Amino acid sequence: MIQGGITPTMLYYEIQHLLLEQRPLEHQRQFEEGLSRTGIRQLLRSRPSVKFLIIQSASTGLTVQKLIRLLQPRFSEEGSNTHRAETTMYAKFIKYIREVAGELK
């Protein structure tokens, strides 16, 4: 997706159903089970804004900047060892995203 490939899309209704926690039909239950096995369901529940990455739309696709804006971190208190570890890991994450996107060589 980040490299400009085809973004998998899912039906808007199916995603809305998943977020509203209604009683699913059999095909919806299987769809949700697949999302749970891959961790997508948990990601959608914790960050509902992610659904716009996987529902069909006329958007131009996912870019590094869109992904970074979408996944804004919440760091621990500045000056703590935890904060230092988090910022180090986040920097590695950003570097990885840019490498995958082909922005770094």
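This text follows the structure it describes.
The following refers to the structure shown. (Residues numbered from 1 in each chain as written. Predicted model: local features only at pLDDT ≥ 70, side-chain atom pairs only at ≥ 80, totals over all residues. Heavy atoms only, no water.)

Let's talk about the side chain of His83
By the secondary structure assignment, His83 is in helix H6 (residues 81-101). In contact with His83, not counting residues within four places along its chain, are Phe75, Ser76, Glu77 and Glu78. (Helix = DSSP H or I, 4+ residues; strand = E, 2+ residues; numbered from the N terminus. Contact = heavy atoms within 4.5 Å.)

Observations concerning helix H2 (residues 26-38)
A rise of 1.5 Å per residue sets the reference length of H2, with its 13 residues, at 18 Å; its end C-alpha atoms lie 19 Å apart and thus fit the reference within 8%. Every buried residue of H2 is listed here: Gln28, Glu32 and Leu35. Angular distribution of buried residues about the axis of H2 spans 60°; they occupy a single face of the element. The exposed residues of H2 that point more than 90 degrees off its buried face are Arg37 and Thr38. Just past H2, the residue Gly39 takes up positive phi, approximately 90°. (Expected span 1.5 Å × (residues − 1). Buried < 20%, exposed > 50% of the residue type's maximum accessible area, 1.4 Å probe, protein only. Arc of directions from axis to C-beta.)

Quick look at H6
Relative to the 30 Å expected for 21 residues at 1.5 Å per residue, H6 spans 30 Å between its end C-alpha atoms, a close match to the ideal helical length. Taken together, the buried positions of H6 are His83, Ile94 and Ile97. Projection of H6 onto a plane perpendicular to its axis shows the buried side chains occupying an angular sector of 60°, all on one side. Structural note: H6 exposes Asn81, Arg84, Met89, Lys92 and Tyr96 on the side pointing more than 90 degrees away from its buried face. Buried positions along H6 lie against helix H5 (64-70).

Some words on the nonpolar core
Membership of the largest hydrophobic core is limited to 6 residues, which are Leu62, Val64, Leu67, Ile68, Ile94 and Ile97. Of all the secondary structure elements, the ones that give two or more residues to this core are H5 and H6. Sorting elements by how many residues they give to this core places H5 first, with 3 residues. (Core = buried A, V, L, I, M, F, W, Y, C linked by side-chain atoms within 4.5 Å.)

Remarks on the pattern of salt bridges
Two side chains that carry opposite charge are able to pair once their charged atoms sit near each other. Applying the stated criterion across every chain, the model contains 1 salt bridge. Among the ionic pairs, Arg37 bridges to Glu33, the shortest N-O distance being 2.8 Å. One end of the pair, Arg37, and the other, Glu33, are both in helix H2, 4 residues apart, so they sit about a helical turn from each other. Assessed through its relative accessible area of 68%, Arg37 is described here as exposed. (Salt bridge = Lys/Arg side-chain N within 4 Å of Asp/Glu carboxyl O.)

A closer look at the packing of aromatic side chains
All chains considered together, the criterion is met by 2 aromatic pairs. Between the aromatic rings of Phe75 and Tyr90, the centroid separation amounts to 5.6 Å while the plane-to-plane angle is 80°, which identifies the pairing as edge-to-face. Placement of Phe75 in the loop between H5 and H6 and of Tyr90 in helix H6 is noted, with a sequence separation of 15 residues between them. Considering the side-chain rings of Tyr90 and Phe93, the 6.3 Å spacing of their centres and the 35° angle between planes classify their relative orientation as tilted. With a gap of 3 residues between them, Tyr90 and Phe93 both fall in helix H6, about one helical turn apart. In this structure Phe93 comes out as partly exposed when scored by relative accessible area, which is 33%. (Phe/Tyr/Trp six-rings, centres within 6.5 Å; stacked < 30°, edge-to-face > 60°.)

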